[in-house]
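Secondary and tertiary structure notes
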Amino acid sequence: LIISVSSGVIVTRGRSENELGEDFAIQIFSSAKALWIASGALLLLGFETGHNTWEGQRPGDRVNVQIRCADADYMNTLKMTLKSGRFFQHHRQEDQGGTCVLNEAAIRTMGMDDPVGKWFELGGTRMRIIGVMNDFHHHSMHTAIEPLIFVNMPQWSRVMYIRIHPSMREEALA
């Protein structure tokens, strides 16, 4: 099920993490039509929570964060950039549920200095902050950029992002 095609990225959704259109992705990638393939949760939709704590939190401090599931290829597929630190990596087991990346808005809201290496607890799971993503509009361009956390939780993945080669767009969708 293709749900969107924009800026050279095909977004396809399955009903479970085991049904993300892998056959479709493999077919496009093996024919050299795809440049990057990533899985995650929908970019414009996601979960939000205010039930979290972080290293250096002052009494009364609170932050609502939008939660986005992302794999190691998510950042490159969607052409996102980091301000500091790193993004998830395939060969690092701790990156599956043990680490997170926050955006600049989250860091500002929490009043954190030098966040990389500090901990952030989300829903009772303590994770190490490994990177800070540059802010970007993840909702409408007319709304303020909200605090955002990226986690690599394959069990939450329901969406596959496929960046196709610009000259192969029509052929990839055929």
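Here the structure is a predicted model, which is why all the values come from computation and not from measurement.

**Let's talk about the overall build of the protein chain**
A count of helical and extended segments in the protein chain gives four helices and 12 strands. Relative to its 174 residues, the protein chain shows a buried fraction of 44%. Sequence-distant contacts, at least 24 apart, represent 71% of the contacts inside the protein chain between residues at least 6 apart. Split by element, the accessible area of the protein chain, about 9200 Å² in all, is 52% carbon and sulfur.

**Notes on the confidence of the model for the protein chain**
Averaged over every residue, the pLDDT of the protein chain is 77; the share at 70 or more is 64%. Averaged pLDDT values over the elements of the protein chain bottom out at 50 in strand 1 (residues 2-6) and peak at 97 in strand 7 (residues 82-85). Confidence over residues 43-47 falls short of pLDDT 50; this stretch has 16 contacts with residues more than four positions distant or in other chains.

**A word on the packing of aromatic side chains**
Under the definition given, this model contains four aromatic pairs. For the ring pair Phe87 and Phe150, a centre distance of 6.0 Å and an interplane angle of 70 degrees mean the geometry is edge-to-face. Linking Phe87 in the loop between strand 7 and strand 8 (99-103) with Phe150 in strand 11 (residues 148-151), this pair joins segments that are 63 residues apart in sequence. Since its relative accessible area comes to 5%, Phe87 is described here as buried. Feature note: the residues Tyr74, Phe87, Phe88, Phe136 and Phe150 constitute an aromatic cluster, connected by ring pairs.

What counts and what doesn't
Residues numbered from 1 in each chain as written. Predicted model: local features only at pLDDT ≥ 70, side-chain atom pairs only at ≥ 80, totals over all residues. Heavy atoms only, no water. Helix = DSSP H or I, 4+ residues; strand = E, 2+ residues; numbered from the N terminus. Buried < 20%, exposed > 50% of the residue type's maximum accessible area, 1.4 Å probe, protein only. Contact = heavy atoms within 4.5 Å. Areas by Shrake-Rupley, 256 points an atom, 1.4 Å probe, with all protein chains shown as cover. pLDDT = per-residue confidence, 0-100. Phe/Tyr/Trp six-rings, centres within 6.5 Å; stacked < 30°, edge-to-face > 60°.

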